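Chain by chain, the residues run as shown.
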Amino acid sequence: MEGLQICQHLVAKVGEVFEALLEETKKVREEFAEDMSVMKAFSIVMERRPELRQEGLAHKVLQWYLCRLEGWFAADADNISVQSWDEEELLEGGHGLMVRGYAPVVTSLAEGLDIRLSHRVRKVVRRRHHGVRVITEDAKIFDADAAVIAAPLGVLKANLIKFEPRLPDWKEQAIADLAVGNENKIALFFETVFWPNVEFLGVVAPTSYSCSYFLNLHKATGHPVLVYMPAGRLANDIEHLSDEAAASFAVLQLKRILPNATEPLKFLVSHWGTDKSSLGCYTYDAVGKSHDLYERLRTPVETLFFAGEATCHNFPGTVHGAFATGLLAASECRKQFVEHFKELNLQPAMADDISNELLPLQISRM
């Protein structure tokens, strides 16, 4: 803060306090039958263990740790369920950065597939004896035996895709009860590097809302780029700004710790919360809502199969969670048609061994 690096010993010490706070919240949730927010649980812990309270600079560092927790869930701590905040399974190993972004992964997975871009789906019709009909906003029609629905949770919550007949009540309730958060990125491209060679820069403040986090892409890519990453209410507020104003706000936060920071040559601003193709960032557990909502959202409805991070019980909010549920949806779809062919005593074409070969299905991907 104010151009000075905070003593690393203090940062580490407050980090231990934050870990202790998180452990104490587990005891709180065991005592209370009703769910509560992580923030409320913190308040109860502070009352019971006043020695965990931090003052002055240490308090600001503690708020920064809370800011990063909120970034993990893309939501404010007063909205995150204390019953479910630690339900996600963490993979072993260190952190890595996709230096070239996810484009190479998507390109590789898409090889050989017929993918139609700029086809915004508006309606999905389940037909009792004729599979599924998918209709786009420009009235194009695609008929298939089945469909895998992998639209973002925000899109489903906004009812931008109409289902006929309507989805079952339990499915609609799962869509309504799962919460979708917001975390945006403001990439700042500078002429030269003027910041230390660290993985990230943190800006401490009296509240988590006022704290900041910058990812240093120069360390991994060699390009003079910093990425400002606001989450929760702050991310929502920044989305109301123009791209120019949002970038200026990010630079202002940067100058709080590096007063000699230069202006960026160019910038790029995401709008996950208002982009009609996403309407949010990723899913989190809201207060009072069950963690099994992910499984309910994943459960198939006749010839509709559901995938995406919001359907992953173990790894919500992650790319690997989304990928795993896609594979699972495809497997369940295939299994359903294998059973169907067995009932009809038919042998599908191109499947000498029905247990090992993929059935020739037309699956609409959204």
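Just so you know, these numbers come straight off a predicted model, no measurement behind them.

1. Notes on helix α2 (residues 38–48)
Turning to step 1, where the next piece is worked out: Burial in α2 covers these residues: Val38, Ala41, Phe42, Ile44, Val45 and Met46.
Turning to step 2, where the next piece is worked out: As for α2, its buried residues are in contact with α1 (8–31) and α3 (56–73).

2. Quick word on the environment of Leu201
Turning to step 1, where the next piece is worked out: Mapping Leu201 onto the fold places it in strand β8 (residues 200–203).
Turning to step 2, where the next piece is worked out: Sequence spacing of Leu201 and Leu226 is 25 residues, and the spatial spacing of their C-alpha atoms is 9.1 Å.
Turning to step 3, where the next piece is worked out: Setting aside its immediate chain neighbours within four residues, Leu201 contacts Trp195, Pro196, Ser212, Tyr213, Phe214, Leu226, Leu254, Ile257 and Leu258.

3. Digging into the pattern of salt bridges
Turning to step 1, where the next piece is worked out: This model, assessed by the stated rule, comprises 21 salt bridges.
Turning to step 2, where the next piece is worked out: Between Glu51 and Arg49 there is a salt bridge, and its shortest N-O distance comes to 2.7 Å.
Turning to step 3, where the next piece is worked out: On the basis of relative accessible area, Arg49 is assigned to the partly exposed category, the value being 27%.
Turning to step 4, where the next piece is worked out: A salt bridge links Asp143 to Arg127; the nearest nitrogen and oxygen atoms lie 3.2 Å apart.

4. A closer look at the side chain of Thr136
Turning to step 1, where the next piece is worked out: Position of Thr136 relative to the elements: it lies in strand β2 (residues 131–136).
Turning to step 2, where the next piece is worked out: When near neighbours in sequence (up to four residues on either side) are disregarded, Thr136 contacts His119, Arg120, Val121, Arg122 and Phe142.

5. Quick word on the sheet that holds strand β1 (residues 121–127)
Turning to step 1, where the next piece is worked out: Spatial ordering of the open sheet is given by β3-β2-β1-β5, a layout of four strands whose pairing is mixed. What marks the edges here is a single partner per strand, and that holds for β3 (141–144) and β5 (162–164). The mean angle between the axes of side-by-side strands here comes to 15°, regardless of whether they run parallel or antiparallel.
Turning to step 2, where the next piece is worked out: Bridging between β1 and β2 involves six bridges; their strand directions are antiparallel. Paired with Arg126 across the bridge in β2 is Val132.

6. Things to note about the sheet that holds strand β10 (residues 225–228)
Turning to step 1, where the next piece is worked out: Spatially, β8-β9-β10-β7-β11 is the arrangement adopted by the five strands of the open sheet, whose pairing is antiparallel. Lying at the two open borders of the sheet, with one neighbouring strand each, are β8 and β11 (266–269). In this sheet, neighbouring strand axes are inclined to one another by 20° on average, regardless of whether the strands run parallel or antiparallel.
Turning to step 2, where the next piece is worked out: Strand direction decides the pairing type here: β8 and strand β9 (residues 212–216), joined by four bridges, are antiparallel. Directly across from Gly202, in β9, lies its bridge partner Tyr213.

Here is what the cut-offs are and how they apply
- Within any chain, residue numbers begin from 1 and follow the written order of that chain's sequence.
- In keeping with the predicted nature of the model, local features appear solely for residues at pLDDT of at least 70, side-chain atom pairs appear and are counted solely at 80 or more, and the whole-chain, interface and lining totals rest on all residues.
- Based on all heavy atoms of the structure, the side-chain values leave hydrogens and waters out of the count.
- For the exposure calls, accessible area comes from a 1.4 Å probe over protein chains only, and a residue counts as buried if that area is under 20% of its type's maximum, exposed if over 50%, partly exposed in between.
- Going along the chain from the N terminus, every DSSP run of H or I of four or more residues is numbered as a helix, and every run of E of two or more is numbered as a strand.
- The contact criterion used is simple: two residues touch if any of their non-hydrogen atoms lie within 4.5 Å.
- A carboxyl oxygen of Asp or Glu within 4 Å of a side-chain nitrogen of Lys or Arg is what we treat as a salt bridge.
- Strands pair, by our definition, only if DSSP identifies at least two bridges between them.
- Here, axes are lines fitted to C-alpha atoms. For helices the fit covers the stretch in contact, and angles between N-to-C directions go from 0 to 180 degrees.

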